[in-house]
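# Remarks on the overall topology
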Amino acid sequence: MRLIVFPILAVLGCASTAQAAVIPDCAGAVEIRNAHVVRVERNGALILTDGRALLLEGIRLADTTLNGAALDALRDLALHAPVTFTATPPKEDRYDRVRAQAFSSVWLQTALLEQGLARVEIAPDRSECSPELYEAENRARSKHLGIWANAAYAPRPPEAVKGATGSFQLVDGWVTNVGSGGGRVFIDFGSNGQHSFSAVIAPEDRRAFRGYDLDGLHARHIRIRGIVQDYKGRPEIALSNPAQIEILN
């Protein structure tokens, strides 16, 4: 894969004079070249001069108190220079918005991640550039930038997930068991002999994990991410894409 070499600009407003970012192979083919973004919506959608809407694939913008800062940074990155968008199938969501990686003088996704203004969120049907996106997020977390300065966003141990239903969380823990039942696969976590949390793969998502060594996760230290759900009083996160799993040890 081609090496990506570009700094995050110290002054984002200088983007129009900076050299264009190198587009990595993982990002897919160019879908729209040198487009002009005229508006950034509150949900982070980028609107072009011809009315087309694009979403930054693979990231979730910071919410709550840092949402405004994330949107301001995105506007600085997208509005002051032409942006080239790449996409891989399926290219559009149900609202006909193009799901893209975006490049101006920087790779917009990694620029936001490296400032701690976004987290990686891998969609069920996509996985392009997930290692590169995780690396960018890890750099911001190691420096406690943006959301990572707030302990509420830190990866949680399994026993601290209860009560977080409906929120997007990163969970770090040691896998105590990998099993199945009712067509579902359960990746169980716990400590002191107590099962406190599970990552679950539904029957309809098993195909995505074909060839993935799920049994090999037993006794491994991993990180998963997703929306916390409640199942019979116990928290769990549904896994629909192997890219939701990071092996830590």
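Anyway, here's the lowdown on the structure attached to this text. (Residues numbered from 1 in each chain as written. Predicted model: local features only at pLDDT ≥ 70, side-chain atom pairs only at ≥ 80, totals over all residues. Heavy atoms only, no water.)

Another aspect to go through is the environment of arginine 223. Following the sequence through the fold, arginine 223 ends up in strand β12 (residues 221–231). A residue is classified by how much of its surface remains accessible, and arginine 223, at 9% relative accessible area, is buried. Spatially, the C-alpha atoms of arginine 223 and glycine 173 are 6.6 Å apart, while their sequence positions differ by 50 residues. Polar contacts involving the side chain of arginine 223 include one to the side chain of aspartate 172, which spans 2.7 Å. (Helix = DSSP H or I, 4+ residues; strand = E, 2+ residues; numbered from the N terminus. Buried < 20%, exposed > 50% of the residue type's maximum accessible area, 1.4 Å probe, protein only. Polar contact = N/O pair within 3.5 Å; in protein donor to acceptor, adjacent residues only side chain to side chain.)

All right, on to the sheet that holds strand β1 (residues 29–35) then. Strand order in this open sheet of six strands is β1-β6-β7-β4-β3-β2, and the pairing throughout is mixed. This sheet does not close on itself; its edge strands, each paired only once, are β1 and β2 (37–40). In this sheet, neighbouring strand axes are inclined to one another by 40° on average, regardless of whether the strands run parallel or antiparallel. As judged from the three bridges shared by strand β6 (residues 83–87) and strand β7 (residues 98–103), these two strands associate in the antiparallel manner. Pairing of threonine 86 across the sheet is with glutamine 101, part of β7. Taken strand by strand, helix α1 (residues 67–79) contacts β2, β3 (46–48), β4 (53–56) and β6, and its axis lies near 175° from that of β2. (Pairing = 2+ DSSP bridges. Axes fitted to C-alpha atoms, helices over the stretch in contact; angles between N-to-C directions. Contact = heavy atoms within 4.5 Å.)

Another point: the packing of aromatic side chains. Using the criterion set out here, one finds three aromatic pairs in the structure. Seen in terms of ring centroids, phenylalanine 189 and phenylalanine 197 are 5.6 Å apart; in terms of plane orientation they differ by 50°. Their pairing is tilted. Across this residue pair, the class does not change: phenylalanine 189 and phenylalanine 197 are buried. Centroid distance phenylalanine 209 to tyrosine 212: 6.2 Å. Interplanar angle 85°. Geometry classified as edge-to-face. A relative accessible area of 4% means that phenylalanine 209 is categorised as buried. Between arginine 141 and the ring centre of tryptophan 148, over which it is positioned, the NZ or CZ distance is 4.8 Å. In this structure, arginine 184 is placed above the aromatic ring of tyrosine 231, and the distance from its NZ or CZ to the ring centre is 4.6 Å. (Phe/Tyr/Trp six-rings, centres within 6.5 Å; stacked < 30°, edge-to-face > 60°. Lys NZ or Arg CZ within 6 Å of the ring centre and 35° of its normal.)

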